[in-house]
Amino acid sequence: MASKNKPETVDVVVLGMGPGGESVAGELAAAGLSVVGVEARLVGGECPYYGCIPSKMMIRAGNVMAEALRIPDLAGTVEVAPDFTQVARRIRTEGTDNWDDTVAAERFTAKGGVLVRGTGRLTGPREVTVSTHDGGHRTFRARLAIVLNPGTNPAVPEVPGLAGTPFWTNREAVQAADAPASMVVWGGGPIAVELAQAFTRFGTKVTMVLRGSRLLTREEPETSELLASVLRNEGVKILTNKALTSVTHAQGRFQLSFSDGISPSSLRAEQLLVATGRAQALAEVGLSAAEISWDLKKGAPALDQYLQLANGLYLIGDAAGAGAFTHMSMYQGNIVAGHILARHLEQADRGTADNHAVPRVTFTDPEIGVVGLTESQARDAGLSVRVGLTKVGESTRGWIHGAGNDGFIKVIEDADAGVLVGATSVGPMGGEVLSMLALAVHARIPVSTLESMIYAYPTFHRAIPEALKNLH
């Protein structure tokens, strides 16, 4: 094993093998470059083991349960008995290989890459030192590039008594063998609402405790209002403007104390899910060793159009600041791989980063798809704004759908330019309906074109021209 005093020279080092890092590293290795991928946890990152994949398996199962309960409104009678062990078994065996990344690791090494398991830090502008899992150290000097993909971890605020208790984050929640009888969900973001609804549908009595006044604060107010109504109708209790002041755990139950600034209150539950956001891990990478100055409190560091912090030093993924989504990391990884190949293997590059039409989906029922700016963001940007909104249930397909047709389409137009700058699609398959709106925002398709095109009947997409008719 090489020591830090004898660096190993390679073409590229990828620090963090989450979705974007794995993609970059694999492509560059397949192109014939010598590539080292460094990963402290699981190759593939958060998404396939603790995020997108297992949580959506849980959500899919919960949605089936909800659809079954809608049968009396549409088709007959039914008896439903939830069994969370089936969900847990599928996540463990099909979704995560029991949290084993052998398949992903071998996918990378089969392309010619070298996987080093350990924690890496920059120790120079083109140098990474890895504290390996076997207790040693290896230093790599990159001839061409270093790609940083540090990702994020669950954010766990400091609260008296919380540390040391068996609370869950998303990582523990997707590994659950059974649904708890009762659970407090601390937080109101995408992870919080998705898991709250999924567990509710398997019999858990869920109370959501929000630090602010509404769910999904990044989204349109109409979205928050509708989702809160749906969750409450399913039995979820939602408490707003609460500060968690202390936590205790004894005899298999949590005791939580809260304050709203007026009077204290408390809750007891079998489980506590902390879903208060994500904490990015860029500070652990050691940017100062590469002569990069950066203030954590000011957000993501400055990047050029090719996602470079400095010549040959790239940053992708959650820490890049354009959205903590797998699809963003993959998008950024594609740009970086293209730039490296263009510079060193004389291939055509793949353009530059453009974040004006970033899509996102919250996989509740109804699904919530969003692209670009919200109404308030567009107004804050000084645009001349027109807004159109229509309810999905008032469309022909929504009316046919019946039970479970909650939702709306909201479009935001820059009236001066005559193009959409943002849109929200809430409803059955809301994330799929979003694809057309994402294309419209991304390609800056004139609203006049969207108004004159043909929409298949009867589809959920037919609500889009109705929203456009209501622009004012």
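Just so it is clear, the structure is predicted and the values come from calculations on it, not from any experiment.

With respect to the state of the cysteines
Part 1 of the argument: All chains considered together, the criterion is met by one disulfide.
Part 2 of the argument: Here C47 engages in a disulfide with C52; their sulfurs sit 2.2 Å apart. One disulfide, between C47 and C52, carries an S-S torsion of -135° and so falls in the left-handed class.
Part 3 of the argument: Using a relative accessible area of 11% as the deciding quantity, one classes C47 as buried.

Overview of helix α8 (residues 190-200)
Part 1 of the argument: Among the 11 residues of α8, nine are classified as buried, and the element is accordingly described as predominantly covered.
Part 2 of the argument: Considered for burial, the residues of α8 that qualify are A192, V193, E194, L195, A196, Q197, A198, F199 and T200.

Observations regarding the pattern of salt bridges
Part 1 of the argument: Inspection of every chain in the model, using the stated rule, returns 22 salt bridges.
Part 2 of the argument: The partner of R107 in a salt bridge is E22, with the nearest N and O atoms 2.6 Å apart. Note that R107 is positioned in helix α6 (residues 102-109) and E22 in helix α1 (residues 19-30), a separation of 85 residues in sequence.
Part 3 of the argument: What makes R107 partly exposed here is its relative accessible area of 41%.
Part 4 of the argument: Taking relative accessible area as the criterion, E22 reaches 13% and is therefore assigned buried.

With respect to the packing of aromatic side chains
Part 1 of the argument: Applying the stated rule across the entire model yields three aromatic pairs.
Part 2 of the argument: Measuring from ring centre to ring centre gives 5.5 Å for F84 and F202, while their planes differ by 85°; the resulting arrangement is edge-to-face. Here F84, found in helix α5 (residues 84-95), pairs with F202, found in the loop between α8 and β8 (205-209); they are 118 residues apart in sequence, far enough to count as distant.
Part 3 of the argument: Seen in terms of ring centroids, W168 and F199 are 5.8 Å apart; in terms of plane orientation they differ by 40°. Their pairing is tilted. With W168 in the loop between β6 (152-154) and α7 (170-173) and F199 in helix α8, this pair connects stretches of sequence that are 31 residues apart.
Part 4 of the argument: Here the aromatic residues F84, W168, F199 and F202 are joined through ring pairs into a cluster of three or more.
Part 5 of the argument: Directly above the aromatic system of Y50 lies the positively charged group of R171, at a separation of 5.9 Å from the ring centroid.

Side note on the environment of E220
Part 1 of the argument: Within the fold, E220 resides in the loop between β8 and α9 (221-233).
Part 2 of the argument: E220 gets classed as buried once you look at its relative accessible area, which sits at 3%.
Part 3 of the argument: As a C-alpha pair, E220 and T424 span 204 residues in sequence and 7.9 Å in three-dimensional space.
Part 4 of the argument: When near neighbours in sequence (up to four residues on either side) are disregarded, E220 contacts R214, T374, E375, K410, I412 and T424.
Part 5 of the argument: A polar contact of 3.0 Å, which involves the side chain of E220, links it to the side chain of K410.

Topic: the nonpolar core
Part 1 of the argument: Counting 69 residues, the largest nonpolar core has L28, V35, M58, V147, M208 and L215 as its most contacted members.
Part 2 of the argument: Setting aside its immediate chain neighbours within four residues, V147 contacts V12, V13, V14, L15, V24, Y314, I316, V336 and I340.

Topic: unusual backbone geometry
Residues other than glycine predominantly adopt negative phi, and peptide bonds predominantly adopt the trans conformation.
Part 1 of the argument: Residue D365 is joined to P366 through a cis peptide bond whose omega torsion reads 10°.
Part 2 of the argument: Within the element layout of this structure, P366 appears in the loop between β17 (359-362) and β18 (367-372).
Part 3 of the argument: A cis geometry characterises the amide bond from Y457 onward to P458, with omega recorded as -10°.
Part 4 of the argument: The backbone phi angle of R444 is positive, close to 55°, even though this residue is not glycine.

Quick look at the pairing of β18
Part 1 of the argument: The element β18 is extensively covered by neighbouring structure, given that six of its six residues are classed as buried.
Part 2 of the argument: Direction of pairing for β17 relative to β18: antiparallel, over a ladder of four bridges. Residue pairing across strands places T362 opposite I368, the latter belonging to β18.
Part 3 of the argument: Counting the residues between successive antiparallel strands, the hairpin from β17 to β18 contains four residues.
Part 4 of the argument: Inspection of the sheet shows β18 paired to strand β21 (residues 419-427) by six bridges, in the antiparallel sense. Counted as the bridge partner of G369 is S425 from β21.

Section: the side chain of T364
Part 1 of the argument: The residue T364 is located in the loop between β17 and β18 in this model.
Part 2 of the argument: In this structure T364 comes out as buried when scored by relative accessible area, which is 2%.
Part 3 of the argument: Contacts of T364, omitting those with residues within four sequence positions, involve V193, E194, Q197 and L227.

Quick look at the packing of α1 against α6
Part 1 of the argument: Contact geometry of α1 with α6 gives a least axis separation of 9 Å together with a crossing angle of 35°. For the pair α1 and α6, the contacting residues are E22, A25, G26 and A29 in the first and A104, R107 and F108 in the second.

Here we look at the sheet that holds strand β7 (residues 182-186)
Part 1 of the argument: On the basis of which strands lie adjacent, the open sheet formed by four strands has the order β9-β8-β7-β13 and parallel pairing. Two strands lie at the open edges of the sheet, namely β9 (237-239) and β13 (271-274), each paired on one side alone. Neighbouring strand axes in the sheet, compared pairwise and without regard to direction, differ in orientation by 20° on average.
Part 2 of the argument: Here β7 pairs with β13 via four bridges, running parallel. Across the sheet, W186 pairs through a bridge with V274, a residue of β13.
Part 3 of the argument: Against the sheet, α8 touches β7, β8 and β13, its axis set at about 160° to β8.

Some details on the packing of helix α3 (residues 52-69) against α8
Part 1 of the argument: Relative to each other, α3 and α8 sit at 40°, their axes nearing to 8 Å. Regarding the angle of α3 to α8, the classification is oblique. Judged by the sense of rotation from one axis to the other, the crossing of α3 with α8 is left-handed. Across the interface between the two elements, S55, K56, M58 and I59 of α3 pack against E194, L195, A198 and F199 of α8.
Part 2 of the argument: Each residue belonging to the contact of α3 with α8 can be placed in one class, and the counts come to five nonpolar, one polar and two charged.

Thresholds applied
Residues numbered from 1 in each chain as written. Predicted model: local features only at pLDDT ≥ 70, side-chain atom pairs only at ≥ 80, totals over all residues. Heavy atoms only, no water. Disulfide = S-S within 2.5 Å. Buried < 20%, exposed > 50% of the residue type's maximum accessible area, 1.4 Å probe, protein only. Helix = DSSP H or I, 4+ residues; strand = E, 2+ residues; numbered from the N terminus. Salt bridge = Lys/Arg side-chain N within 4 Å of Asp/Glu carboxyl O. Phe/Tyr/Trp six-rings, centres within 6.5 Å; stacked < 30°, edge-to-face > 60°. Lys NZ or Arg CZ within 6 Å of the ring centre and 35° of its normal. Contact = heavy atoms within 4.5 Å. Polar contact = N/O pair within 3.5 Å; in protein donor to acceptor, adjacent residues only side chain to side chain. Core = buried A, V, L, I, M, F, W, Y, C linked by side-chain atoms within 4.5 Å. Pairing = 2+ DSSP bridges. Axes fitted to C-alpha atoms, helices over the stretch in contact; angles between N-to-C directions. Parallel < 35°, antiparallel > 145°, perpendicular 65-115°, else oblique. Left-handed = near helix turned anticlockwise from the far one by under 90°. Nonpolar A, V, L, I, M, F, W, Y, C, P; charged D, E, K, R; others polar.

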